[in-house]
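Letter by letter, the chains look like this.
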Amino acid sequence: MTRLEIPVQLRWSDMDAYQHVNNVEMLRLLEEARIEAFWSHPVAPDGSRVESAFPTAVIDAGPGAEVSTLVARQEIEYLKPLGYRRTPVIVEMWLGHLGGASLDVCYEVRDAGEAGPERVVYARALTTLVLVDTATGAPRRIAPEQREAWSTFLEEPVTIRRRR
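The rules behind each value
Residues numbered from 1 in each chain as written. Predicted model: local features only at pLDDT ≥ 70, side-chain atom pairs only at ≥ 80, totals over all residues. Heavy atoms only, no water. Salt bridge = Lys/Arg side-chain N within 4 Å of Asp/Glu carboxyl O. Helix = DSSP H or I, 4+ residues; strand = E, 2+ residues; numbered from the N terminus. Buried < 20%, exposed > 50% of the residue type's maximum accessible area, 1.4 Å probe, protein only. Pairing = 2+ DSSP bridges. Axes fitted to C-alpha atoms, helices over the stretch in contact; angles between N-to-C directions. Contact = heavy atoms within 4.5 Å.

Across all of its chains, the model carries 15 salt bridges by this definition. As a salt-bridge pair, Glu 32 and Arg 11 come within 2.4 Å of each other at their nearest N and O atoms. Taken together, the residues Glu 32 in helix 1 (residues 23-38) and Arg 11 in the loop between strand 1 (4-8) and helix 1 connect sequence positions 21 residues apart. The class of Arg 11 is partly exposed, set by a relative accessible area of 30%. Of the charged contacts in the structure, one is a salt bridge between Glu 92 and Arg 119, with a shortest N-O distance of 3.6 Å. Here Arg 119 lies in the loop between strand 6 (102-110) and strand 7 (121-133) and Glu 92 lies in strand 5 (residues 89-98), a separation of 27 residues in the sequence. On the accessibility criterion, Glu 92 (8% relative accessible area) is buried. Here the residues in one salt-bridge network are Arg 3, Glu 5, Glu 92, Arg 110, Arg 119 and Glu 155, joined through shared partners.

Let us look at the sheet that holds strand 1. Overall, antiparallel pairing links the five strands, which are arranged 1-5-6-7-4 in an open sheet. Each having just a single partner strand, strand 1 and strand 4 (67-78) make up the two edges of the open sheet. Averaged over neighbouring strand pairs, the angle between their axes works out to 25° when direction is ignored. In this sheet, strand 6 lies alongside strand 5 in antiparallel orientation, the contact comprising eight bridges. Among the inter-strand pairings, Leu 95 is bridged to a residue of strand 6, identified as Val 105. Docked against the sheet, helix 1 engages strand 1, strand 4, strand 5, strand 6 and strand 7, running at close to 135° with respect to strand 4. In the packing of helix 2 (residues 144-151) onto the sheet, the strands contacted are strand 5, strand 6 and strand 7, and the crossing angle to strand 5 comes to about 125°.

Most of strand 7 sits inside the fold, with 10 of its 13 residues counted as buried. Pairing geometry for strand 4 and strand 7, over 11 bridges, is antiparallel. Bridged to Val 67 within strand 7 is Asp 133. Bridging between strand 6 and strand 7 involves nine bridges; their strand directions are antiparallel. In the strand pairing of strand 7, Glu 108 is matched with Arg 124.

Listed below in structure tokens is the structure:
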């Protein structure tokens, strides 16, 4: 089982009046991790080449990119309030499905550290992304190099408790 572990720093502004990370801000933490993991940033502001630390970063995020993504669906289960702290949370990510033009990104937002009963998981989530042709807005099939880079991270989808 291969998963990505993306550290994401909380911001003071992520907190709400109840002194924990607001539900909308939790989705922003997932977005930050997803962008870090899947989008390449080939050129830095100074014009130099930027290499990603993640083999999954194969979607071009630069100006004039031919492919973009649309969020088709998001589902999140909040398990425990996440209070502000200076140490990053870990957004653990994997893929639950690779379709023709879509993929399901699965997440667990947790503390750093080894697996076990002491590890706290704050949220589980799933985002369905659709790759689209930037010029036309039409769905675009996942390219072979993207499928190859992402296949290593494919496993069972995240389990989210359903309403009764």
